[in-house]
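The residues making up each chain are set out below.
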Amino acid sequence: MIDLKTLEKLLQRRPGNSLLGLSFDGSRLEGVWVRRTNGSVQIKKTFSASLSLDPLTAEVELAGREIRKQLDAEQIRERWCAVCLPLNWALTLTVKLPELAEEDVPDFLQIEAERGFPYGPDELMLAHSRFGAGTTGKFATLVGIPREHVTRLEAVLRAAQLRPVTFSLGLTALQPADTDGDEGT
């Protein structure tokens with residue numbers, strides 16, 4: 001699923017009044033086409049399709065053509081898109097932060113990423129999130145996505161005549177918890 005709040009923020013920043021949200025997960029492609037009308041966002045169309053070609057391994061032009069064919073079948077002409085990457089592309093690493101000056105933390109996290117991930121520093125797109133764990137200290141979670149995966153998916157989307165404006169992890173698409181008191185099963 002695509003997070004509607006994220007799409008609404010993107011619509012506010014880019015010219016035009018519509019945006020396509022795409023989510024890739026294995027051979028599944030899910031999409032939502034939204035339009036801004038009178039200051040609110042309306043869902044115009046949602047769809048889900050199975051892809052026969054993997055955007056990471058198939059020829060770029062062929063994978064792009066397949067995505068374009070799916071969009072044409074749904075009568076979606078929007079070119080601007082926000083893309084939700086598969087969560088299984090993300091590599092994660094949690095590290096304990098030593099007592100360091102604030103300006104030294106980014107260098108420390110970079111060194112930890114180089115030591116902890118099976119990719120070189122130029123081969124990953126990195127992000128981090130810091131948190132405290134009570135009396136046990138401060139930590140950071142590092143998230144790395146292979147740069148080649150994103151670059152290739154961007155090429156496939158361009159072959160599908162799409163213009164990606166942002167990439168994010170599928171994690172942002174989590175739905176709110178049920179409020180009826182039921183625990184997840």
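Draft legend 1. Region of the structure containing the sheet that holds strand β4 (residues 80–85). Ordered in space as β3-β2-β1-β4-β8, the five strands form an open sheet in which the pairing is mixed. Bordering the open sheet on either side are β3 (40–50) and β8 (163–169), each of which pairs with just one other strand. The sheet shows a mean angle of 20° between the axes of neighbouring strands, taken without regard to direction. In this sheet, β8 lies alongside β4 in parallel orientation, the contact comprising six bridges. By the bridge assignment for β8, C81 is matched with P164. Sitting on the sheet, helix α2 (residues 60–73) touches β1 (18–25), β2 (28–37) and β3, and the angle it makes with β3 is about 125°. The strands that helix α4 (residues 147–159) touches are β1, β4 and β8; relative to β8, the one it contacts most, it runs at about 145°.

Draft legend 2. Here's a closer look at the side chain of S18. Turning to its location among the elements, S18 is positioned in strand β1. Of the polar contacts made by the side chain of S18, one reaches the side chain of E78; its length is 2.3 Å.

Draft legend 3. Molecular detail of the environment of L93. Looking at the element boundaries, L93 is found in strand β5 (residues 91–97). When the C-alpha positions of L93 and T141 are compared, they lie 5.6 Å apart, and in sequence the two are 48 residues distant. Apart from the residues lying within four places of it in its own chain, the contact partners of L93 are E112, G116, F117, A140, T141 and L142.

Draft legend 4. Structural detail: the nonpolar core. Within the largest apolar cluster, 25 residues are counted, with the highest numbers of intra-cluster contacts made by L20, L22, F24, I67, L85 and L162. Secondary-structure elements contributing two or more residues to this core are β1, β2, α2, β4 and α4. No other element matches α4, which puts four residues into this core. Contacts of L162, omitting those with residues within four sequence positions, involve L20, L22, I67, R68, L71, E78, R79, C81 and L157.

Conventions used here
Residues numbered from 1 in each chain as written. Predicted model: local features only at pLDDT ≥ 70, side-chain atom pairs only at ≥ 80, totals over all residues. Heavy atoms only, no water. Pairing = 2+ DSSP bridges. Helix = DSSP H or I, 4+ residues; strand = E, 2+ residues; numbered from the N terminus. Axes fitted to C-alpha atoms, helices over the stretch in contact; angles between N-to-C directions. Contact = heavy atoms within 4.5 Å. Polar contact = N/O pair within 3.5 Å; in protein donor to acceptor, adjacent residues only side chain to side chain. Core = buried A, V, L, I, M, F, W, Y, C linked by side-chain atoms within 4.5 Å. Buried < 20%, exposed > 50% of the residue type's maximum accessible area, 1.4 Å probe, protein only.

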